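The primary structure of each chain is shown beneath.
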Amino acid sequence: MTTKSDAIPQALLQTIERILKSYPAGDITYSIGKPMPFAAAKGLDHPVIVIPDIHGHSAPMAVLLREVMEAYPSGSLRFLGDLVHRGPDSGGALALAITACMALEDERGNRSAILHPGNHEEMLLNILLALAGEIDLDKNPHVKKLLQYIRENKTWERNFIEDEDPAASIQNDILSRMPEDYADIIRSLGGVVPWVMNCPVASRTGDLVFVHAGIPPIPTAEHDPVGWAEQFPILRSDNINPHPRWVNEGVVGRTKPFPGGYSVIFGHMIDPEYSMALEFDEPIKIDAFTPTLGLDAGSYDYGVILAGIFDNGTVRLANVRFDQHAKMERGQDVPQEPEHSYGL
């Protein structure tokens, strides 16, 4: 049994502390709400902690991971993708998720960690392969357009575009935040690209299905959501619908139950009601029988990242709030302990 004292594996704790040394102190506030009934979470043999859409905000992600893992030491982790882009430190966010997955696998216990890549991880892999000369841009116009965007805008990847080997520099930025032995394992596997490619598109625990953008209202997807999602490998897939990393219609606000009564937990589409409720100190309400539950609170729009904790017939929402415009400043001291509040 995992106890609070060893809730966070040393390798992950080391990565968390490394990330926090480079973020302005006092900008991150953590809070956690009360458990709410959630039918699809009945029968779980241990908690499942679900974290969506970080978008490069690695330090708030680090605080959120530390707090929820200490609160739920036996909890498994599910990252719903879109760790990268828009924020100040995509490399650090991806390093945290990869380290968490590897560290919990090393435990060989009951808890696990899985990354379900989002559309932004899909774009990152295409960028890395394009920069490495492994994609024919004339035959992949969407990748060519993406690379042009990277060159012309202030994105994370642009910091490395003028390097002699930009693809290697981007991967090194990710691996440099991880424990050296973990980074060596990733290198031995061929780098970040094959590791992310091997991440499952979706997974299911009990009556909970986890995927980046949702499951569309079509029979083949509804009857076997994980099997349907796995037909869409991450590499070089166009922005087509329906697609488990790009679904936009028929997910939010769905009322029709899925076959068997499972619920789909997803990110991708921002729900501004979360940030509004937190801003005005109002309770967040969730339908106990909803067939779909989106958890993207808008990290880059509103400076809020949620974690949904599913346990014994309930869901509990934890969050971090932060200045989404703050810039990473390497070498600063570890920030003060985040302000806590409970029972929102």
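Residues numbered from 1 in each chain as written. Predicted model: local features only at pLDDT ≥ 70, side-chain atom pairs only at ≥ 80, totals over all residues. Heavy atoms only, no water.

S.K.: Honestly, the environment of A130 in this entry has me stumped. Any pointers?
M.R.: Following the sequence through the fold, A130 ends up in helix α4 (residues 119-131). Remark: the alpha-carbon pair of A130 and E162, spanning 32 residues in sequence, is separated by 14 Å. Dropping the residues within four chain positions of it, A130 is found in contact with I135, L137, V143 and L147. (Helix = DSSP H or I, 4+ residues; strand = E, 2+ residues; numbered from the N terminus. Contact = heavy atoms within 4.5 Å.)

S.K.: Even after reading the chapter, I still don't get the environment of R66, so can you show me in this structure?
M.R.: Structurally, R66 can be placed in helix α2 (residues 58-71). R66 gets classed as buried once you look at its relative accessible area, which sits at 13%. Placed 54 residues apart in sequence, R66 and L12 show a C-alpha to C-alpha distance of 9.2 Å. (Buried < 20%, exposed > 50% of the residue type's maximum accessible area, 1.4 Å probe, protein only.)

S.K.: What should I look at first to understand the sheet that holds strand β8 (residues 263-266) in this one?
M.R.: Strands pair in a sheet through their backbones, by hydrogen bonds, and they do so in one of two ways: parallel or antiparallel. If you trace the four strands from one edge of the open sheet to the other, you get β6-β7-β8-β9, paired in mixed fashion. Each edge of the sheet is formed by a strand with only one pairing partner; in this case those strands are β6 (202-205) and β9 (292-294). Each strand of the sheet is rotated relative to its neighbour by a mean of 20°, with strand direction disregarded. Judged from the four bridges that link them, β6 and strand β7 (residues 208-211) form a sheet pairing that is antiparallel. Counterpart to T205 in the pairing with β7 is L208. (Pairing = 2+ DSSP bridges. Axes fitted to C-alpha atoms, helices over the stretch in contact; angles between N-to-C directions.)

S.K.: Please clarify how the packing of aromatic side chains should be interpreted in this entry.
M.R.: By convention here, two paired aromatic rings are described through the distance between centres and the angle between planes. One pass over the full model with this rule turns up four aromatic pairs. Between W156 and F160, the ring centres sit 6.3 Å apart and the planes meet at 85°, which makes this aromatic pair edge-to-face. In this structure W156 comes out as buried when scored by relative accessible area, which is 7%. Given the relative accessible area of 14%, F160 is considered buried. The lysine or arginine in question, R86, covers the ring of Y300, its NZ or CZ lying 4.3 Å from the ring centre. Geometry around F258 places R254 over its ring, the cationic atom sitting 3.8 Å from the centre. (Phe/Tyr/Trp six-rings, centres within 6.5 Å; stacked < 30°, edge-to-face > 60°. Lys NZ or Arg CZ within 6 Å of the ring centre and 35° of its normal.)

S.K.: So what exactly am I meant to see when it comes to helix α6 (residues 166-175) here?
M.R.: Working note: α-helix, 3.6 residues per turn, so residues spaced by three or four point in the same direction. Judged by how many residues are buried, α6 sits mostly within the fold: eight of 10 residues are covered. For α6, the complete set of buried residues consists of P166, A167, S169, I170, Q171, D173, I174 and L175. Buried positions along α6 lie against α3 (90-107), α4, α7 (180-188) and α8 (192-197).

S.K.: So what exactly am I meant to see when it comes to helix α1 (residues 10-20) here?
M.R.: Listed in full, the buried residues belonging to α1 are A11, L12, T15, I16, I19 and L20. The buried residues of α1 occupy an angular sector of 165° when projected down its axis, which confines them to one face. Of the surrounding secondary structure, the elements contacted by the buried residues of α1 are α2, α3 and α7. (Arc of directions from axis to C-beta.)

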